[in-house]
Amino acid sequence: MPTIHREPRFAYDDLVDLVEGQLRVVELTAIGAEIAAPGERLWLTEPRPGADVYRLWRKGSGTRTYWAVDRDHPWEALVWLRAALAEVLERLTRPGSATQYALEARA
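Cut-off values and rules
- Going along each chain's sequence as written, the residues are numbered from 1 onward.
- Where local features are concerned, this predicted model is filtered to residues with pLDDT of at least 70; where side-chain atom pairs are given and counted, the filter is 80 or more; whole-chain, interface and lining totals use all residues.
- Hydrogens and waters are ignored; side-chain quantities use all the structure's heavy atoms.
- When accessible area is computed with a 1.4 Å probe and restricted to protein chains, residues below 20% of their type maximum are described as buried, those above 50% as exposed, and intermediate ones as partly exposed.
- Counting from the N terminus, the helices are DSSP H or I runs at least four residues long and the strands are E runs at least two residues long.
- What the arc measures is the spread of directions leading from the helix axis to the C-beta atoms.
- Between two residues, a contact is recorded if the distance between any of their heavy atoms is within 4.5 Å.

### Side note on helix α1 (residues 12-22)
Leu 15, Val 16, Leu 18 and Val 19 are the residues of α1 that are buried. The buried residues of α1 occupy an angular sector of 155° when projected down its axis, which confines them to one face. Opposite the buried face of α1, by more than 90 degrees, sit the exposed residues Asp 13, Gly 21 and Gln 22. In this structure, the buried residues of α1 make contact with β1 (3-6), β2 (25-27), β3 (41-45), β4 (53-59) and β5 (66-72).

Put into structure tokens, the structure is as follows:
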């Protein structure tokens, strides 16, 4: 996942503007709601050959964290998206075993 923009050169709002202002993207809000930490965002370029996934997230560790925008090809993004969404996909394939659905069935 190559980083294309990052702090400290660009502030958080500037990073958002770089993605949304310079590219034709659609934000993946539903996926972001499930897998993203506060402030993290996920976009996909509008359908065309060679589409890309853009991710604004915190990188680094400890006190050396920073905001960065990474660009990935969809097939490469699929690997980390699948891992991040594993719990959600498990609930979709077996809803009867999830506590929420099990309690609704009793009512």
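### Examining unusual backbone geometry
Here the bond from Glu 7 into Pro 8 is cis, since omega is 0°, no more than 30 degrees from zero. Considering the arrangement of structural elements, one finds Pro 8 in the loop between β1 and α1.

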